[in-house]
There are 2 protein chains.
Amino acid sequence: MQWSMHNNFSTPPPSLTSIRPARGRPREFDRQAALAAATRLFWIKGYEATSIADLTETMGIGTKSLYAAFGSKDELYAEALKYYYTTYEGLVWTRFRKAATAREAALAFLQDSAIAMTGGDCDLPHGCMATLATVGSEGHSELSELMRATRAGGFDILKARFDRAKSDGDLEATADTTKLARFVQTVQSGMAIRARDGADRDELHAVAEIALSGWDHITGNIDHRMQGKA
Amino acid sequence: MQWSMHNNFSTPPPSLTSIRPARGRPREFDRQAALAAATRLFWIKGYEATSIADLTETMGIGTKSLYAAFGSKDELYAEALKYYYTTYEGLVWTRFRKAATAREAALAFLQDSAIAMTGGDCDLPHGCMATLATVGSEGHSELSELMRATRAGGFDILKARFDRAKSDGDLEATADTTKLARFVQTVQSGMAIRARDGADRDELHAVAEIALSGWDHITGNIDHRMQGKA
DNA sequence: CTATTTATGCATCGATCACTGCATAAAGGA
DNA sequence: TCCTTTATGCAGTGATCGATGCATAAATAG
């Protein structure tokens, strides 16, 4: 697939220090590979549970080099999140963009999310880094806002696509695109939690399928139904 | 409402130490009130981000009393999660149990979850403690498993209700109750993330409405549809 | 070869973590 | 009243956190 070439989460650097444990200057380390390794670790363990010691070990570089190259743990995480999103973005939005109708786009988004959240075509960590990083970021208001903005981006893309579908006549003029986009976004967020809890790809695909199986019903007369309370 | 009387998350103890800062034995503290306060703090901040110092301050008791009464941070969290669930359980499952049909039950579950996740009828913390506590629990395998089990309980209840609906003739015999329960559980999990991100009650209610608006479609012929790929 | 640059391992910093020992003093039984 | 019980505030435990200073030695330029 197209995005595989940009993806090197699954190839952690071969720990350059393992061969030559002496001091002094070894080879210049691969910044991109180190960032990919850090991203993978943050993705799996989360921000707070990942220590600098964990990072240096996984990245295969020394503490000083880490700070020289990335500034601080916060800045490294921010860069990792950006790097993650650059890769992840292609996984879940490529088929979405090429879809002819709003419904096909939403289905592609959820289906490809199901694939990405269960390892993609290689051994990606399960779940969504941006979605699941919610908790445990107390005090780090800057990072917290960055993650929130990352998540909010998904909603904007969905809503824009649904709005366009209205112009195309693909969606009825009465459809509430905001609610539709929120719904799809919510389902994807729930899929991230399920993936983290061990859900396999089939389960998530089934969820995506069910979520949109009532599409014609949803996009048509939402307001006139569902008033029956128990 | 029925569950309000069991709920005292919103009444943190009035810091008994504020009046008498001297040493020595003050009044015996209210264990239940202290647990409620701890639960609320864990709920808001998560396990790792909540320190013992945070807890003693919020609970209004000393460090020694905390360990004497609850054992350790892990045990306190486990007890808090149990206390949380005891209260939360009534919020989201009461109308569910009384519902006449599977669809009404699922709708009640999602609607009441929407209410509970946005503060209930008092100022409960937003989101679901059990759902959102996923990340940041690396290494604490015991707590991790406890939280997973708590989340899994919701699925079991949903599936059992849907299975019963099959016997009642309420659901068609071809309906896949496992997939249905997974779907509803996934939507609720997604709502928890949205609530934590600031979603208001109306938004979550809309999500619940949309999620089940295609119910007849979903429960009927899932297998024969949704094969259109982009 | 020599001098400069640069990334390293290692030791260490102050802060904070979960947790505990100790002297103190209020509550409860005699 | 006296004595035991008990919960406390406070100091301090070792461990680990993110982050830094330093001497070292490989790479590079002249």
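Residues numbered from 1 in each chain as written. Chains lettered and ligands numbered in written order. Predicted model: local features only at pLDDT ≥ 70, side-chain atom pairs only at ≥ 80, totals over all residues. Heavy atoms only, no water.

Visitor: Would you explain the pattern of salt bridges in this entry?
Guide: Where charged atoms from two side chains of opposite charge approach closely, those side chains can pair. For the structure on display, the rule yields 20 salt bridges over all chains. Across the pair A:Asp163 and A:Lys159 runs a salt bridge whose closest N-O atoms are separated by 2.8 Å. Of this pair, A:Asp163 and A:Lys159 both sit in helix H7 (residues 141-168), 4 residues apart, roughly one helical turn. Classification of A:Asp163 by relative accessible area gives partly exposed; the value is 29%. Across the salt bridge formed by B:Arg182 and A:Glu203, the nearest N and O atoms sit 3.5 Å from each other. Of the two residues, B:Arg182 sits in helix H8 (residues 177-196) while A:Glu203 sits in helix H9 (residues 201-213), which places them in two different chains. Accessibility assignment for this pair places B:Arg182 and A:Glu203 in one class, buried. Taken together, the salt bridges that share partners define one network made up of A:Arg182, B:Arg194 and B:Glu203. (Salt bridge = Lys/Arg side-chain N within 4 Å of Asp/Glu carboxyl O. Helix = DSSP H or I, 4+ residues; strand = E, 2+ residues; numbered from the N terminus. Buried < 20%, exposed > 50% of the residue type's maximum accessible area, 1.4 Å probe, protein only.)

Visitor: Even after reading the chapter, I still don't get the packing of aromatic side chains, so can you show me in this structure?
Guide: Here a ring pair, both rings aromatic, is described through the centre-centre distance and the interplanar angle of the planes. Residues and elements named next belong to chain A. One pass over the structure, following the stated rule, counts 20 aromatic pairs over all chains. Measuring from centroid to centroid gives 6.1 Å for Trp43 and Tyr88, while their planes differ by 90°, and the two rings are edge-to-face. Here the residue Trp43 occupies a position in helix H1 (residues 31-45), and Tyr88 occupies one in helix H4 (residues 73-98), the gap between them amounting to 45 residues. Across the pair, exposure class does not vary: Trp43 and Tyr88 are buried alike. By way of ring pairs, the aromatic residues Phe42, Tyr47 and Tyr77 are connected into one cluster. (Phe/Tyr/Trp six-rings, centres within 6.5 Å; stacked < 30°, edge-to-face > 60°.)

Visitor: Explain H4(A) here, please?
Guide: Because an α-helix completes one turn every 3.6 residues, residues spaced three or four positions apart along the sequence face the same direction. In this model H4(A) runs 37 Å from its N-terminal to its C-terminal C-alpha over 26 residues, within 8% of the 38 Å that 1.5 Å per residue would give. If you look at H4(A), its biggest bend is around 40°, right at A:Val92. (Expected span 1.5 Å × (residues − 1). Bend = angle between axes of the 7 residues up to and from the residue.)

Visitor: Hey, could you run me through the packing of H8(B) against helix H9 (residues 201-213) of chain B in this one?
Guide: Pairs of packed helices are described in terms of their axes, by the angle between the two and the distance that separates them. Residues and elements named next belong to chain B. Two numbers describe how H8 lies on H9: the axes approach to 10 Å, and their chain directions differ by 160°. The angle between the axes of H8 and H9 places the two elements in the roughly antiparallel class. Between H8 and H9 the crossing geometry is right-handed. Residue-level contacts link Phe183, Val187, Met191, Arg194 and Ala195 of H8 to Glu203, Leu204, Val207, Ala211 and Leu212 of H9. For the contact of H8 with H9, the residue count by class is 8 nonpolar, no polar and 2 charged. (Axes fitted to C-alpha atoms, helices over the stretch in contact; angles between N-to-C directions. Parallel < 35°, antiparallel > 145°, perpendicular 65-115°, else oblique. Left-handed = near helix turned anticlockwise from the far one by under 90°. Contact = heavy atoms within 4.5 Å. Nonpolar A, V, L, I, M, F, W, Y, C, P; charged D, E, K, R; others polar.)

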